Amino acid sequence: MKLVYSAMMQENTSLDEPLAPPIIIINQDDLDATATTTPPWEFYYTNEMLLGRSVPPPSRINLTGCDCLGGQCHLNKSQCTCYLKQESFTAGYGVTGFMYHAPNQTLKSNGLPVFECNSLCACSEQCTNRVVSRGRKIPLSLQKTPRKGWGVFARCLIPKGTFIGIYSGELLGHEESEERALKYDEFGRTYLFDIDWWYINQQYSRNNNSRSRKPCKYTVDAYHAGNFTRFLNHSCDPNSALTPVYIDMDDIERPLLTVFSKRPIQAGEEITFSYSGDPDFDDDEDEEEEDKEEEGEGGGGEGKEKEEGGDGDKGQGTIWRLE
Ligand SMILES: C[S@@+](CC[C@H](N)C(=O)[O-])C[C@H]1O[C@@H](n2cnc3c(N)ncnc32)[C@H](O)[C@@H]1O
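Residues numbered from 1 in each chain as written. Predicted model: local features only at pLDDT ≥ 70, side-chain atom pairs only at ≥ 80, totals over all residues.

Chemist: When you look at the site of the ligand in this model, what are you seeing that I'm missing?
Modeler: Every residue lining the ligand is accounted for by R147, K148, G149, W150, G151, T190, Y191, R230, F231, N233, H234 and S235. Sorting the residues of the shell around the ligand by element identifies strand 6 (149–154) and strand 12 (233–234) as the ones contributing at least two each. A total of 3 residues in the shell around the ligand trace back to one element, the largest contributor, which is strand 6. Counted by class, the shell around the ligand contains 3 nonpolar, 6 polar and 3 charged residues. (Near = placed C-beta within 6 Å. Helix = DSSP H or I, 4+ residues; strand = E, 2+ residues; numbered from the N terminus. Nonpolar A, V, L, I, M, F, W, Y, C, P; charged D, E, K, R; others polar.)

Chemist: Would you mind going over the UniProt feature "domain: Pre-SET" (unreviewed entry) in the protein with me for this structure?
Modeler: Following the UniProt record, the feature "domain: Pre-SET" (unreviewed entry) maps to residues 64–135 here. With 14% helix and 3% strand, residues 64–135 has end C-alpha atoms that lie 22 Å from one another. (UniProt positions renumbered as here; feature names shortened; annotations may be inferred.)

Chemist: Please explain the sheet that holds strand 8 (residues 169–173) as it appears in this structure.
Modeler: Hydrogen bonding along the main chain pairs the strands of a sheet, whether they run parallel or antiparallel. As summarised here, the arrangement of the 4 strands in space is 3-8-10-9, forming an open sheet in which the pairing is mixed. The strands lining the two open edges of the sheet, one partner per strand, are strand 3 (49–51) and strand 9 (192–194). Looking at each pair of strands side by side, their axes are set apart by 30 degrees on average, direction ignored. Across 4 bridges, the pairing between strand 8 and strand 10 (residues 218–221) is antiparallel. The residue of strand 10 that forms the bridge with L171 is V220. Packing against the sheet, helix 3 (residues 174–187) makes contact with strand 8, strand 9 and strand 10, and its axis sits at approximately 115 degrees to strand 8. (Pairing = 2+ DSSP bridges. Axes fitted to C-alpha atoms, helices over the stretch in contact; angles between N-to-C directions. Contact = placed C-beta atoms within 7 Å.)

Chemist: In this structure, what is going on with the nonpolar core? I would like to understand it.
Modeler: Soluble, globular proteins show a tendency: their nonpolar side chains are buried together. Grouped together as the largest cluster of nonpolar side chains are 63 residues, with contacts concentrated most on C66, C73, C82 and Y167. In this view, Y167 contacts F193, V220, A222, T229, L242, L257, T258 and V259; residues no more than four positions away in its chain are not counted. (Core = buried A, V, L, I, M, F, W, Y, C linked by C-beta atoms within 7 Å. Buried ≥ 20, exposed ≤ 12 C-beta atoms within 10 Å, placed from the backbone.)

Chemist: In this structure, what is going on with the pairing of strand 14 (residues 256–261)? I would like to understand it.
Modeler: Where a strand is regular, its side chains alternate between the two sheet faces. Burial analysis of strand 14 places 6 of its 6 residues in the buried class, which makes it a mostly covered element. Neither face of strand 14 is left uncovered, since the one carrying L256, T258 and F260 and the one carrying L257, V259 and S261 both have all their residues buried. As defined by bridge partners, strand 7 (residues 163–166) adjoins strand 14 across 3 bridges and the pair is classed as antiparallel. Counted as the bridge partner of I166 is T258 from strand 14.

Chemist: Quick question: what am I supposed to make of the pairing of strand 15 (residues 270–273) here?
Modeler: Across 2 bridges, the pairing between strand 6 and strand 15 is antiparallel. For F153, the partnering residue across the bridge sits in strand 15 and is E270. Here 2 bridges tie strand 12 to strand 15, and the two strands are oriented parallel to one another. For H234, the partnering residue across the bridge sits in strand 15 and is F273.

Here is the structure:
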């Protein structure tokens, strides 16, 4: 059954990540023959976002693509519209250029939005600004733990800033997510994840000249549909974090929730993140120098101060509804 489960995961994601190594199932905890040998079959395994009843299909009316040729968007900084868009959001937070290091495609900083090149861009599939869209590359296992149920484990050393997976599932509107939360509270299920990133709130506060929090418009529910990320357990000292990523999406309230390592993760180590948002807003100043070298840059971006947040919680990503 473990092999069947592993094959099912691979089959359901073969189109969007054909090169992803299989996820293997390890169950050292089940000593008696009647115990469950695989993770539950209760959900549809997918990397995609399925739309809830009130969620419109993605609109691409305001989506733009760059005209760069080849895979070197990071070298076309004054012409690449994706580069300029990324900078307009993140230069104020000390990150120059794209959010990925050009040579190894690792994330420069957690907690900031990423705008990847998209299906309207002329650049190639090898573009340095396409990471999540190219899918998972790292080998993982799903492992039964003694006290936390199933968890996700690294099968090789994962460098800092590596893409791990999309927190996929059903994208629900506010009303539907409230209904689900009530239902799930009865059963003690916790797979709902609000998309309420600090910069969405900040924009709302600015536009409405208010310091009140914006009601959360969208929530991801990974209970009925999702992928291995629904098995990630919580830690107060996590080795990974969520990052909002926009690919074929022009609505700032609908990023993909993606998981990236925030420090090197050893082979055999459990991969975890904080269910209540990541308090570290990692603005690695030493990496800024590296970025300039990579991009042949003379300056710019350095020493800029972070903006003041509307409600002072820049470090928070999203909030998991705990029981
Ligand atoms: C999204 S699920 C994570 C996957 C879960 N372990 C499973 O087997 O389905 C969240 C649930 O995992 C368990 N969990 C997550 N982190 C935990 C932790 N640090 N300690 C104990 N239980 C944890 C709790 O039961 C929680 O409701």
